[in-house]
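Observations on the three-dimensional arrangement
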Amino acid sequence: MRFTLLVTSLLLAATAQASPGHSGDDMDKFLADKGLLNRIDQVRQSVGHRASELVINAMGFLGVPYRRGGNSAESGVDCSGFVKAIYEQTVGLILPRRAEQQAAATQNIDRTELQPGDLVFFNTMKRAFSHVGIYVGDGKFIHAPKPGAEVRVESMGVAYWARRFDGARRVHGGLPTNTSGE
């Protein structure tokens, strides 16, 4: 987080110092001279890697039975316990336990902005944010659906889910690479 703020500050400062006649090439040269282009690319790759790792870890739960209040592959999971376990195991981030609390603790995004690792919420119990899953890409999400079922991947385009879609959320503006608060 601190690095991202530093890069943003440097970019703003460099832009403010550049005269209107300078081209984008001058900015690229400045960033390259300072070694920032490589660091920006590394941060982008790290975030992409975290999203991939999160989705891969979530796929490892396929077939785990639904269990109300469950939060581990060994004992079974419910929807929010599944999301909580995946985020904690993959990125070391502890999310709240309940789906509506997870919605409140994350950043609202437009459905068109969904990226793998984002959270998708549904109204399945006649109340907002009563069900949560993890977006895996291509209009699909992974979740622990209901008692008697197992963790599975489903299409958000299926009529049942499309009618109940409640919104998309991103954890802290993206997948964190540093969860120490810095």
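Check the entry above for the structure.
First things first, this report covers the structure right here in the doc. None of these values were measured; they are calculated from a predicted model. (Residues numbered from 1 in each chain as written. Predicted model: local features only at pLDDT ≥ 70, side-chain atom pairs only at ≥ 80, totals over all residues. Heavy atoms only, no water.)

**Concerning the overall build of the protein chain**
- Broken down by element type, the protein chain carries six helices and eight strands.
- In the protein chain, the succession of helices and strands from N to C terminus is α-α-α-β-β-α-α-β-β-β-β-β-α-β.
- When each of the 182 residues of the protein chain is scored for burial, the buried share is 37%.
- Residue pairs at least 24 apart in sequence account for 54% of intrachain contacts in the protein chain once pairs closer than 6 positions are excluded.
- Of the accessible surface of the protein chain, which amounts to about 10100 Å², a share of 52% is contributed by carbon and sulfur atoms. (Helix = DSSP H or I, 4+ residues; strand = E, 2+ residues; numbered from the N terminus. Buried < 20%, exposed > 50% of the residue type's maximum accessible area, 1.4 Å probe, protein only. Contact = heavy atoms within 4.5 Å. Areas by Shrake-Rupley, 256 points an atom, 1.4 Å probe, with all protein chains shown as cover.)

**Regarding the pattern of salt bridges**
- The tally for this structure, following the rule as stated, stands at six salt bridges.
- Two residues, Asp118 and Arg170, come together in a salt bridge whose shortest N-O distance is 2.8 Å. Taken together, the residues Asp118 in the loop between strand 3 (107-109) and strand 4 (119-122) and Arg170 in strand 8 (residues 165-170) connect sequence positions 52 residues apart. The same class applies to Asp118 and to Arg170, which are both buried.
- When the shortest N-O distance is used, the salt bridge between Asp138 and Lys140 registers 3.9 Å. (Salt bridge = Lys/Arg side-chain N within 4 Å of Asp/Glu carboxyl O.)

**Concerning a nonpolar patch on the surface**
- A grouping of Met59, Leu62 and Val153 is seen on the molecular surface, where their side chains present a nonpolar patch of about 210 Å² in accessible area.
- Here Met59 lies in helix 3 (residues 36-59). (Patch = residues over 30% accessible without salt bridge, like charges linked within 9 Å, V, L, I, M, F, W, Y side chains within 5 Å.)

**What about the side chain of Arg169?**
- Of note, Arg169 is situated in strand 8.
- Not counting chain neighbours up to four residues away, the residues in contact with Arg169 comprise Ala103, Thr106, Gln107, Asn108, Ile109, Asp118, Leu119, Phe121 and Phe129.

**Here we look at the packing of aromatic side chains**
- Under the counting rule described, the total for this entry stands at seven aromatic pairs.
- Between Phe121 and Phe129, the aromatic rings sit 5.5 Å apart at their centres with planes inclined by 90°, giving edge-to-face as the arrangement.
- Look at Phe129 and you get buried, because its relative accessible area is 18%.
- Seen in terms of ring centroids, Phe122 and Trp161 are 4.9 Å apart; in terms of plane orientation they differ by 65°. Their pairing is edge-to-face. On the criterion of sequence distance, the pair formed by Phe122 in strand 4 and Trp161 in helix 6 (residues 159-164) is long-range, its members being 39 residues apart. Pair check on accessibility: Phe122 and Trp161 agree, each one buried.
- Across the ring face of Phe165, the terminal group of Arg111 is positioned such that the distance to the ring centre comes to 4.3 Å. (Phe/Tyr/Trp six-rings, centres within 6.5 Å; stacked < 30°, edge-to-face > 60°. Lys NZ or Arg CZ within 6 Å of the ring centre and 35° of its normal.)

**Description of the sheet that holds strand 8**
- Spatially, six strands are ordered 3-8-4-5-6-7 in an open sheet, and the strand pairing comes out antiparallel. Both outer strands of the open sheet, strand 3 and strand 7 (152-155), are each paired with one neighbouring strand and no more. Strand-to-strand, the axes of this sheet are offset by a mean angle of 40°, without reference to chain direction.
- Where strand 4 and strand 5 (residues 131-137) come together, four bridges link them in antiparallel fashion. Within strand 5, the residue paired with Leu119 across the bridge is Ile134.
- Running over the sheet, helix 4 (residues 79-91) touches strand 4, strand 5 and strand 6 (140-143) and is turned about 50° from strand 5. (Pairing = 2+ DSSP bridges. Axes fitted to C-alpha atoms, helices over the stretch in contact; angles between N-to-C directions.)

**Comments concerning unusual backbone geometry**
- Despite not being glycine, Lys126 shows a phi value in the positive range, around 60°.
- Checked against the element boundaries, Lys126 lands in the loop between strand 4 and strand 5.
- Relative accessible area serves as the criterion here: at 83%, Lys126 is assigned to the exposed category.
- For Asp138, which is not glycine, the phi dihedral falls at a positive 55°.
- By the element assignment, Asp138 lies in the loop between strand 5 and strand 6.

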